[in-house]
Amino acid sequence: MCNKWRQRGISRVPIVHEVLLRSNPGKVSILGDGSVAVEVGGIELGQGLWTKVKQMTAFSLSAIKCDGMGDFLDKIRIIQANTLSLIQEGLTAGSTTSECSCEAVRICCNILVERLTRIKENLQEQMGSVEWGILILEVEVNLLTGQTTILQSDIIYDCGQSLNPAMDLGQIEGAFVQGIGFFMLEEYLSNSDGLVIPEGTWTYKIPTIETIPRQFNVEIMNSGHHKKRLLSSKASGEPPLLLAVLVHCATRAVIKEARKQLLRWKGLNESDSTFQLEVPATMSIVKKLQCLL
């Protein structure tokens, strides 16, 4: 060394340390919301036990191979166990608690994966002829006129493996707007003889450009192979129409809050705000139910 007052030394010493593995309890619970609660016999005291157990849980359950598991690690919670949930918890010592706890969790997860795989296969067979989609939307209701405006709608629709995504996209959008007409606009009136009263769009209101959501987002999801479908494709014509029921439900929620507010202003009991919203929920019906007529 260039400095005579500071010297360095290098040494190599091999070590052999006997590690005794022991049984350690563990429990993995999959809850109704898709989150996972894990309990192990060890205690987290800074050695990273819970972190390793959480990672092992995510790794083992990922064998189910379900969609939407990208952020699965965030859905796992480690709960400090006690003698009511886990008996004979054992010791947190000997430098093996993390490994033994991870092994217990891995065995639990393998059992769950085996069970869930059978359920998944059965559901895939049953859903071979089922269409599904999801919709989130926001509506605005004019309390003076009863007019409902759809501010934003976000649709995710399962097309299997779409034969033509552009065509299916148009079908989804068109069916949804047609459903808005059914649930909100198209009032079928008839006289005492059973004859239809409306003779045109002056009295029979169909969807127009004003009916379309201000922000209309549609995403097609390719859900993989479906052996009972033509080239794994799924229908996209009529099923998306049913999603429009959410416009009716959102409008009903607005009316409910408006009626409660009016009752509070009058000093009346809010429990008297029960009502039934007809289909279609036209402007006149919405206005009447808000007690503004």
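Residues numbered from 1 in each chain as written. Predicted model: local features only at pLDDT ≥ 70, side-chain atom pairs only at ≥ 80, totals over all residues. Heavy atoms only, no water.

Student: Explain helix H1 (residues 49–61) residue by residue, including any values.
Tutor: Compared with the 18 Å implied by 1.5 Å per residue over 13 residues, the 18 Å span of H1 between its first and last C-alpha is a close match. Those residues of H1 that fall on the buried side of the exposure criterion are Leu49, Val53, Thr57, Ala58, Ser60 and Leu61. (Helix = DSSP H or I, 4+ residues; strand = E, 2+ residues; numbered from the N terminus. Expected span 1.5 Å × (residues − 1). Buried < 20%, exposed > 50% of the residue type's maximum accessible area, 1.4 Å probe, protein only.)

Student: Break down the pattern of salt bridges for me, citing the residues and quoting the values.
Tutor: Scanning the model with the defined rule gives 4 salt bridges in all. A salt bridge links Lys52 to Glu99; its shortest N-O distance comes to 3.7 Å. Remark: Glu99 occurs in helix H2 (residues 97–126) and Lys52 occurs in helix H1; sequence separation between them is 47 residues. On the basis of relative accessibility, which here comes to 37%, the residue Lys52 falls in the partly exposed class. You can call Glu99 partly exposed: its relative accessible area is 43%. Across the salt bridge formed by Glu103 and Arg106, the nearest N and O atoms sit 2.8 Å from each other. Here Arg106 and Glu103 lie together in helix H2, a separation of 3 residues that amounts to about one turn. According to the relative accessible area criterion, Arg106 is partly exposed, its value standing at 31%. (Salt bridge = Lys/Arg side-chain N within 4 Å of Asp/Glu carboxyl O.)

Student: Account for the environment of Leu73, naming residues and giving values.
Tutor: Tracing the sequence through the fold places Leu73 in the loop between H1 and strand E3 (76–80). Residues Leu73 and Gln290, 217 residues apart in the sequence, show an inter-C-alpha distance of 46 Å. Those residues in contact with Leu73, other than ones at most four positions away along the chain, are Lys54, Gln55 and Ala58. (Contact = heavy atoms within 4.5 Å.)

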